[in-house]
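Each chain, letter by letter, is given below.
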Amino acid sequence: MDFAPDARTDEITAQVRAFLREEVLPAESVLDEQLAGTPDEWTPRPIVRELQRKARARGLWNLFLPGDPSETGAAGLTNLQYAPVAELTGWSPRLAPAAFNCAAPDTGNMEVLNEFGTPEQKARWLTPLLNAEIRSAFCMTEPDVASSDATNIGTLIRRDGDDYVITGRKWWSTGAMNPDAAIFIVMGKTAPDAPRHSQQSMILVPRDTPGVRIVRPLTVFGYDDRDHGGHAEVAFDAVRVPASNLIGDEGGGFAIAQARLGPGRIHHCMRALGMGERALSLLTARATERHAFGRTLADQGVIREWAAEARIQLESLRLLVLKTAWLMDTVGNRAAMTEIQAIKIAVPRAVQTIIDRAIQVHGGAGVSGDTPLAELYAGIRSLRIADGPDEVHLSSLGRAQLRL
Ligand SMILES: Cc1cc2nc3c(=O)[nH]c(=O)nc-3n(C[C@H](O)[C@H](O)[C@H](O)COP(=O)(O)OP(=O)(O)OC[C@H]3O[C@@H](n4cnc5c(N)ncnc54)[C@H](O)[C@@H]3O)c2cc1C
């Protein structure tokens, strides 16, 4: 067994690390200023475009998309090669993923179009997404049903001549507040009476189609996540689109959703490790410079234990994430499902504790907006719900373990 990264991974992580240090981290305060200057706008701030221009010029673009680079113009990294890159982007979740055009939900939507889209759908929507000329949203979750069980989804997609007509209500459509999010991938039912996992389909709905209505933005612990397009409640009132907007076959929506979520979940976990590393580095800096009761905080035993436990958690979970990435590369996403579920449970849970302790070490500053910690906490806490709550993954993993 060889734990050394290959030459390509070394090369790309060095480039991404340098870009993060030189461009992204210094831009965080610029983003804050630009957000404060134009508080009512949902469009990305100029600093995001500037970082994207610079990252693209250095070839650090669409790093998430595996496969043949000649077809997509992406970097063609394997999941294993992308893992440390995505981890680095977790150091600055508000800016870094977008800077490299590697931000959810666009990544998952691009993967869906790349894998299941027709040539026309790819030309119309995938190419501009790969160029970051437009943004997108993924509309599966609904306010009226327990959406962690995707078979509950109630939105109807009814065939009418050469069109489909979509009626339903979605929420938590990340990115949809951003007017640049020109295309929504909507999941709904084309055959409510078919077998449970064949009722659903996915369909492309351009934002400007009559009947699409942004109802309101949602907040996460009070954060509106404006820097990545917010989260919207969206109504679809008899929205008519051409039948050619269907992705894949009628009844194939559930399978596409599953295919989309595998890579999405591991990307979240990779970035979460970076969030944990950043929190640990802030904890370390604060603990070594701050004095209480005649000693630095780092000299207090409990804080040393927290630092040690954080290091153990990050190192061991990184190995599990890398193994999962390797499995996805070698035996496929479906065969790696158990490991994907395991990391989706374990990583956010551990990183939440690490960030929580970093907050504690900062005292009052930790819960203020003066450090990134409070917002990192909100992000990691919601990740224990988004893309499937912990309990759903635990139940399914436990079933597999017990062979039920
Ligand atoms: C920040 C954020 C961003 C999101 N982005 C998107 C997006 O872009 N697009 C999108 O479509 N959705 C998105 N979501 C929605 C997210 O995927 C759903 O919230 C999630 O799947 C849970 O669905 P629900 O909210 O309907 O919870 P429910 O299904 O109502 O579940 C509620 C709780 O019930 C419990 N539970 C459910 N099933 C079981 C079980 N089998 N065993 C034990 N307990 C169980 C769990 O504790 C669960 O948290 C986002 C959510 C958040 C918070």
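Residues numbered from 1 in each chain as written. Predicted model: local features only at pLDDT ≥ 70, side-chain atom pairs only at ≥ 80, totals over all residues. Heavy atoms only, no water.

Novice: Please clarify how the overall build of the chain should be interpreted in this entry.
Specialist: The helix and strand inventory of the chain stands at 13 helices and ten strands. Taken over C-alpha atoms, the radius of gyration comes to 21 Å for the chain, in line with the 22 Å a tight globule of 404 residues would show. If one aligns the C-alpha atoms of the chain with their principal axes, the spans along those axes are about 80 × 55 × 45 Å. Within the chain, the proportion of its 404 residues that are buried is 51%. Of the contacts formed within the chain by residues at least 6 apart in sequence, a portion of 74% connects residues at least 24 apart. For the chain, the separation between the mean place of its 43 positive charges and that of its 50 negative charges on side chains is 3 Å. (Helix = DSSP H or I, 4+ residues; strand = E, 2+ residues; numbered from the N terminus. Rg over C-alpha atoms; globule rule 2.2 N^0.38 Å. Buried < 20%, exposed > 50% of the residue type's maximum accessible area, 1.4 Å probe, protein only. Contact = heavy atoms within 4.5 Å. Lys, Arg positive; Asp, Glu negative; His and termini not counted. Charge placed at Lys NZ, Arg CZ, Asp CG, Glu CD.)

Novice: Would you explain the site of the ligand in this entry?
Specialist: Within the structure, the ligand sits among 20 residues, and Phe 138, Thr 141, Ser 148, Trp 172 and Thr 174 are positioned closest to it. Met 140 has a polar backbone atom sitting 2.9 Å from an oxygen atom of the ligand. Separating an oxygen atom of the ligand from a side-chain N or O atom of Ser 148 is a distance of 2.5 Å. Protein chains bury 68% of the 990 Å² of accessible surface belonging to the ligand in isolation. Looking at the shell around the ligand, the elements that each hand over two or more residues are β1 (135-139), β3 (163-174) and α13 (390-401). Taken together, the residues of the shell around the ligand break down into eleven nonpolar, seven polar and two charged. Shared between two domains, the shell around the ligand holds at least three residues of each, these being domain 2 (135-249) and domain 3 (254-401). (Near = heavy atom within 4 Å. Polar contact = N/O pair within 3.5 Å; in protein donor to acceptor, adjacent residues only side chain to side chain. Areas by Shrake-Rupley, 256 points an atom, 1.4 Å probe, with all protein chains shown as cover. Nonpolar A, V, L, I, M, F, W, Y, C, P; charged D, E, K, R; others polar. Domains from an automatic or database assignment.)

Novice: Please clarify how unusual backbone geometry should be interpreted in this entry.
Specialist: Most peptide bonds take the trans configuration, and most residues that are not glycine carry a negative phi. Put simply, Ala 104 and Pro 105 share a cis peptide bond, and its omega is 5 degrees. Tracing the chain through its elements places Pro 105 in the loop between α5 (96-99) and α6 (106-116). Even without a glycine there, the phi angle at Asn 101 is positive, about 55 degrees. Position of Asn 101 among the secondary structure elements: in the loop between α5 and α6. Asn 101 sits in the buried class, given a relative accessible area of 0%. For Asp 225, which is not glycine, the phi torsion reads 50 degrees and is therefore positive. Relative to the helices and strands, Asp 225 is located in the loop between β6 (212-218) and β7 (231-242).

Novice: Teacher, can you tell me more about the domain arrangement of the chain here?
Specialist: Interfaces are frequently sized by the accessible area removed from exposure as the parts join. Split by domain assignment, the chain resolves into domain 1 (7-130), domain 2 (135-249) and domain 3 (254-401). Contacts between the two partners involve 15 residues from domain 2 and, on the opposite side, eleven residues from domain 3. Surface buried jointly by domain 2 and domain 3 totals about 1,100 Å² across both partners, of which 77% is contributed by carbon and sulfur atoms. Of all residues in domain 2, Phe 138, Phe 221 and Tyr 223 give up the largest surface area on contact with domain 3, accounting jointly for 38% of the area buried on that side. Remark: the boundary between domain 2 and domain 3 carries one residue pair in polar contact (both at pLDDT 80 or more). Here the side of domain 2 that touches domain 3 is composed, by residue class, of nine nonpolar, four polar and two charged. (Buried area = accessible area lost by both parts, 1.4 Å probe.)

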